[in-house]
Each structure stands twice: as C-alpha cells, then as structure tokens.
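Each chain, written out:
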Amino acid sequence: MARKPWSFKEDRRLMELAKSSTSLEEAAKQLGRSPDAIKRMAMRLGLSLKSKADKKS
C-alpha cells in the first residue's frame, strides 16, 4: 500500500490532537490514517500520543 504524503494542514491537526491528549487511535480515525502512520509522523514531529491501551493503566 502506497503511503499518502502528509499535508501541512494534517501536520498541524496532528499537533493540535497531541496537545489535547487525543489517543493514538482517535487521531488515526480523525485523520483517516493508520495508527502506525500517526505514530511515525508524531515521532518525526517530536510529539507524544498515548494509545488507548496505555491510558487504561
């Protein structure tokens, strides 16, 4: 499956979601991307997103 390039708008949206403590899965749903893609881009942007599984503990 080919990767779709990230737009500046998507980068900004991911930053907003990370700031508001949105879960990795929710961010993936909102941006229409896989959790892995979200995780990769978050790392590239220096953001921290928690998975729903991480939040339960």
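Note that the coordinates shown come from a computational prediction; the quantities given were computed from them, not determined experimentally.

### Let's talk about the pattern of salt bridges
Point 1. Taken as a whole and judged by the stated rule, the model has four salt bridges.
Point 2. For E16, the salt bridge identified is with R13, shortest N-O distance 3.2 Å. In this pair, E16 and R13 both sit in helix 1 (residues 8-19), three residues apart, roughly one turn of the helix.
Point 3. Assessed through its relative accessible area of 46%, E16 is described here as partly exposed.
Point 4. Its relative accessible area of 33% is what places R13 among the partly exposed residues.
Point 5. The residue E26 makes a salt bridge to K29 at a minimum N-O spacing of 3.8 Å. Of this pair, E26 and K29 both sit in helix 2 (residues 24-31), three residues apart, which is roughly one turn of the helix.
Point 6. Taking the relative accessible area as the measure of exposure, E26 reaches 26% and is therefore partly exposed.

### Some points on the side chain of T22
Point 1. The residue T22 is located in the loop between helix 1 and helix 2 in this model.
Point 2. A polar contact is formed between the side chain of T22 and the side chain of S20, at a distance of 3.0 Å.

### Description of the nonpolar core
Point 1. Grouped together as the largest cluster of nonpolar side chains are 12 residues: W6, L14, L17, A18, L24, A27, A28, L31, I38, M41, A42 and L49.
Point 2. Elements with a minimum of two residues in this core: helix 1, helix 2 and helix 3 (35-45).
Point 3. When sequence neighbours within four positions are dropped, the list of residues in contact with A42 reads L14, L47 and L49.

### Overview of the confidence of the model for the protein chain
Point 1. Confidence in the prediction for the protein chain averages 91 pLDDT; 91% of positions are at 70 or higher.
Point 2. Within the protein chain, helix 4 (residues 52-56) has the poorest average pLDDT of any element, 66, and helix 1 the best, 97.

### Some points on the packing of helix 2 against helix 3
Point 1. Relative orientation of the contacting elements helix 2 and helix 3 amounts to 105 degrees, with a least axis distance of 8 Å. Compared by their axis directions, helix 2 and helix 3 come out roughly perpendicular. Judged by residue contacts, L24, A27, A28 and L31 of helix 2 engage P35, I38 and K39 from helix 3.
Point 2. Broken down by class, the residue content of the contact of helix 2 with helix 3 amounts to six nonpolar, no polar and one charged.

What counts, and at which threshold
Residues numbered from 1 in each chain as written. Predicted model: local features only at pLDDT ≥ 70, side-chain atom pairs only at ≥ 80, totals over all residues. Heavy atoms only, no water. Salt bridge = Lys/Arg side-chain N within 4 Å of Asp/Glu carboxyl O. Helix = DSSP H or I, 4+ residues; strand = E, 2+ residues; numbered from the N terminus. Buried < 20%, exposed > 50% of the residue type's maximum accessible area, 1.4 Å probe, protein only. Polar contact = N/O pair within 3.5 Å; in protein donor to acceptor, adjacent residues only side chain to side chain. Core = buried A, V, L, I, M, F, W, Y, C linked by side-chain atoms within 4.5 Å. Contact = heavy atoms within 4.5 Å. pLDDT = per-residue confidence, 0-100. Axes fitted to C-alpha atoms, helices over the stretch in contact; angles between N-to-C directions. Parallel < 35°, antiparallel > 145°, perpendicular 65-115°, else oblique. Nonpolar A, V, L, I, M, F, W, Y, C, P; charged D, E, K, R; others polar.

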